[in-house]
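The lines below spell out each chain.
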Amino acid sequence: MQFDNRASLSIEEFITCDTEIMSGTPVFKNTRVPIKNLIDYLEVGESLDEFLDDFPSVSREQAIQALELAKEMLLTHAYAHSH
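Because the structure is a prediction, the values reported are computed rather than measured. (Residues numbered from 1 in each chain as written. Predicted model: local features only at pLDDT ≥ 70, side-chain atom pairs only at ≥ 80, totals over all residues. Heavy atoms only, no water.)

Student: Teacher, can you tell me more about the overall build of the chain here?
Tutor: If you tally the helices and strands in the chain, you get four helices and two strands. Going from N to C terminus, the chain has its helices and strands arranged as α-β-β-α-α-α. Burial analysis of the chain (83 residues in total) assigns 29% to the buried set. Here the analysis covers contacts within the chain between residues at least 6 apart in sequence; of these, 35% occur between residues at least 24 apart. When the accessible area of the chain is evaluated, it comes to approximately 5800 Å², of which 55% is carbon and sulfur surface. (Helix = DSSP H or I, 4+ residues; strand = E, 2+ residues; numbered from the N terminus. Buried < 20%, exposed > 50% of the residue type's maximum accessible area, 1.4 Å probe, protein only. Contact = heavy atoms within 4.5 Å. Areas by Shrake-Rupley, 256 points an atom, 1.4 Å probe, with all protein chains shown as cover.)

Student: In this structure, what is going on with unusual backbone geometry? I would like to understand it.
Tutor: Leave glycine aside and you will find that most residues have negative phi; peptide bonds, for their part, are mostly trans. Look at Met22: it is not a glycine, yet its phi comes out positive at around 50°. Mapping Met22 onto the fold places it in the loop between strand E1 (15-16) and strand E2 (27-28). The phi dihedral of Ser23 falls on the positive side, at around 55°, and the residue is not glycine. The topology assignment puts Ser23 in the loop between E1 and E2. Residue Ser23 is classed as exposed on the basis of its relative accessible area, which comes to 70%.

Student: Is there a simple way to think about the packing of aromatic side chains in this case?
Tutor: Two measures describe an aromatic ring pair: the distance that separates the ring centres and the angle between the ring planes. According to the stated counting rule, one finds four aromatic pairs in the structure shown. With 5.7 Å between their ring centres and 70° between their planes, Tyr41 and Phe55 make a pair best called edge-to-face. You can see Tyr41 sitting in helix H2 (residues 35-43) and its partner Phe55 sitting in the loop between helix H3 (48-54) and helix H4 (60-80), a full 14 residues away along the chain. A relative accessible area of 19% places Tyr41 in the buried class. Look at Phe51 and Phe55: their rings are 5.0 Å apart centre to centre, the planes differ by 40°, and that puts the pair in the tilted class. Connected via pairs of aromatic rings, a cluster forms that spans Phe28, Tyr41, Phe51 and Phe55. (Phe/Tyr/Trp six-rings, centres within 6.5 Å; stacked < 30°, edge-to-face > 60°.)

Student: Could you clarify how one ought to interpret the packing of H2 against H4 in this entry?
Tutor: Contact pair H2 / H4: the axes reach a minimum separation of 11 Å and the direction vectors enclose 80°. The pairing of H2 with H4 is recorded here as roughly perpendicular in orientation. Contacts between H2 and H4 involve Leu38, Ile39 and Leu42 from the first element and Ala63, Ala66 and Leu67 from the second. For the contact of H2 with H4, the per-class residue count stands at six nonpolar, no polar and no charged. (Axes fitted to C-alpha atoms, helices over the stretch in contact; angles between N-to-C directions. Parallel < 35°, antiparallel > 145°, perpendicular 65-115°, else oblique. Nonpolar A, V, L, I, M, F, W, Y, C, P; charged D, E, K, R; others polar.)

Here's what the structure looks like:
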């Protein structure tokens, strides 16, 4: 399985890394909310809805895109190391 290049191209649509915003931490575009916050919420058992309630500047679409990209990266990595 190859990594879908369309996903990597679209990353710029929903993630920003700018030294002027949160010292370059990857954030959801047009927010100051680090992508890591979404993962942290899910790790401790919080729901996507709870995350979105706490960070209203992040759209559901942005959060889902980030999770889809993480899924693709994990699957690509797993397939690459299974042979």
